[in-house]
Amino acid sequence: MTTLPVFSVEQLPATGETTLDGPEGRHAATVRRLRPGEQLLLSDGRGGLARCAVLAAAKDSLHLEVAATWHEPQPEPRVRLVQALIKGDRGELAVELATEAGVDAVVPWRAARCVARWDDGPRGAKALARWRSTAAQAAKQARRAWTPPVDDPVTTRQLAELVRGAAVALVLHESATTPLAEVDLPTSGELVLVVGPEGGITDDELAALAAAGAHPVRLGPTVLRASTAAVVALGALGVRTARWA
């Protein structure tokens, strides 16, 4: 049995009948071609889900009957990914994979060796919007109740403050001597996971993050791409904590 398709709404409907319209309703009716008798899920991206049956299909909307609504709690500990900016579409790939792996929030990082440069104008805003759209689409694809927010980009100084407020912060680094498998992990609170750019994290950045309380760790004997390191680490964290329990 296949899982039900998920469509995003700003607010979950109460029990009874409702209409799914707008871009999501158009996609459900014309692309997915859902018809009366079929079921789907509505998600508000904040843990709320509603299982609905299609009563009628119009050209760009569906008339639905809400069968049940519920709320799914966030996993513990929460994982906030700090992803250095990556050139081209590899940044969006990193966000997509991390979202599918269950990341709870994403923070773009303006690291010193980033090839990609997001300015504070329209180009930077457009790039940030692509990351946010990627997270939203990947959350629906993965049938997630929570859509991870993508925050505004941070500097290294701002990242250090974020590290200080975390239950634990891990920096993936190829020269680290401590394996991720041996780090003591919290059972609750926020875990900050830092992934550097293609050119690597500088010594000054690593020192600043370590001074704020971060722990440099390695995943294994090989060096992963900046776009795939986070998803591998999230898989390890899912197994080592109760996140996947």
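Residues numbered from 1 in each chain as written. Predicted model: local features only at pLDDT ≥ 70, side-chain atom pairs only at ≥ 80, totals over all residues. Heavy atoms only, no water.

### Here we look at the overall build of the chain
- Secondary structure assignment for the chain yields 6 helices and 10 strands.
- Going through the 245 residues of the chain one by one, you find that 48% of them count as buried.
- Put simply, of all contacts in the chain between residues at least 6 apart along the chain, 72% involve residues at least 24 apart.
- As displayed, the chain offers around 12,200 Å² of accessible surface, 51% of which is attributable to carbon and sulfur atoms. (Helix = DSSP H or I, 4+ residues; strand = E, 2+ residues; numbered from the N terminus. Buried < 20%, exposed > 50% of the residue type's maximum accessible area, 1.4 Å probe, protein only. Contact = heavy atoms within 4.5 Å. Areas by Shrake-Rupley, 256 points an atom, 1.4 Å probe, with all protein chains shown as cover.)

### A few points about the pairing of strand β8 (residues 168-172)
- The element β8 is largely enclosed, with a buried count of 5 among its 5 residues.
- Every second residue of β8 is oriented toward a common face, with Val168, Leu170 and Leu172 on one face and Ala169 and Val171 on the other, all of them buried.
- Sheet topology places β8 next to strand β9 (residues 190-195); 4 bridges connect them, and they run parallel. Within β9, the residue paired with valine 168 across the bridge is leucine 191. (Pairing = 2+ DSSP bridges.)

### Quick look at helix α6 (residues 229-240)
- When the terminal C-alpha atoms of α6 are compared, their 17 Å separation across 12 residues agrees well with the 16 Å that a helix rising 1.5 Å per residue should span.
- Against β6 (78-84), α2 (90-100), β8 and β9 lie the buried residues of α6. (Expected span 1.5 Å × (residues − 1).)

### Some words on helix α1 (residues 22-31)
- Buried residues of α1: Glu24, Gly25, Ala28 and Ala29, and no others. Each buried residue of α1 lies within a common arc of 120° when the element is viewed along its axis, so the set occupies one face. Among the exposed residues of α1, those pointing more than 90 degrees away from its buried face are Pro23 and Val31.
- Residue arginine 33 follows α1 closely and has a positive phi angle near 55°. (Arc of directions from axis to C-beta.)

### Examining the packing of α2 against helix α3 (residues 122-141)
- Where α2 contacts α3, the axes come no closer than 8 Å and their chain directions differ by 30°. As for the relative orientation of α2 and α3, their crossing is right-handed in sense. On α3, the residues that touch Gly91, Glu92, Val95, Glu96, Thr99 and Glu100 of α2 are Arg130, Trp131, Thr134, Ala135, Ala138, Ala139 and Gln141.
- Of the residues that constitute the contact of α2 with α3, the class distribution is 5 nonpolar, 4 polar and 4 charged. (Axes fitted to C-alpha atoms, helices over the stretch in contact; angles between N-to-C directions. Left-handed = near helix turned anticlockwise from the far one by under 90°. Nonpolar A, V, L, I, M, F, W, Y, C, P; charged D, E, K, R; others polar.)

### Side note on the sheet that holds strand β2 (residues 16-20)
- Pairing within the open sheet is mixed, and its 5 strands lie in the order β1-β3-β4-β5-β2. Of all the strands in the sheet, just β1 (6-8) and β2 have a single pairing partner and so form its edges. Strand-to-strand, the axes of this sheet are offset by a mean angle of 40°, without reference to chain direction.
- The sheet contact formed by strand β4 (residues 48-57) and strand β5 (residues 62-71) spans 9 bridges and is antiparallel. Looking across to β5, one finds that valine 54 is bridged to leucine 64.
- Each of β1, β2 and β5 touches α1; the most contacted strand, β1, lies at about 155° to it.

### Some remarks on the packing of helix α4 (residues 156-164) against helix α5 (residues 203-211)
- Following both chains from N to C, one finds α4 and α5 inclined at 30°, their axes separated by 8 Å at the closest point. Put simply, α4 runs roughly parallel to α5. Note that α4 runs across α5; the crossing there is right-handed. Across the interface between the two elements, Thr156, Leu159, Ala160 and Val163 of α4 pack against Glu205, Ala208 and Leu209 of α5.
- A per-class count over the contact of α4 with α5 returns 5 nonpolar, 1 polar and 1 charged. (Parallel < 35°, antiparallel > 145°, perpendicular 65-115°, else oblique.)

### Quick look at the sheet that holds β6
- Pairing within the open sheet is parallel, and its 5 strands lie in the order β7-β6-β9-β8-β10. Of all strands in the sheet, those bounded by a partner on one side alone are β7 (105-109) and β10 (215-217). Averaged over all adjacent pairs, the angle separating strand axes in this sheet is 25°, with direction ignored.

### Description of the UniProt feature "domain: Ribosomal RNA small subunit methyltransferase E PUA-like" (unreviewed entry) in the chain
- Residues annotated by UniProt as "domain: Ribosomal RNA small subunit methyltransferase E PUA-like" (unreviewed entry) correspond here to residues 20-66.
- Each end of residues 20-66 is marked by a C-alpha atom, and these two atoms are 11 Å apart; helix forms 21% of the span and strand 45%. (UniProt positions renumbered as here; feature names shortened; annotations may be inferred.)

### Points about the nonpolar core
- Core analysis: the biggest nonpolar cluster contains 50 residues, and Trp109, Leu159, Leu170, Leu191, Leu193, Val194 and Leu209 have the highest contact counts within it.
- Excluding anything up to four places from it in sequence, valine 194 contacts Val82, Trp109, Leu159, Leu170, Val171, Leu172 and Leu209. (Core = buried A, V, L, I, M, F, W, Y, C linked by side-chain atoms within 4.5 Å.)

### With respect to a nonpolar patch on the surface
- Taken together, Leu219, Leu224 and Val232 make up a surface patch of nonpolar side chains, about 210 Å² in accessible area.
- Structurally, leucine 219 is set in the loop between β10 and α6. (Patch = residues over 30% accessible without salt bridge, like charges linked within 9 Å, V, L, I, M, F, W, Y side chains within 5 Å. Salt bridge = Lys/Arg side-chain N within 4 Å of Asp/Glu carboxyl O.)

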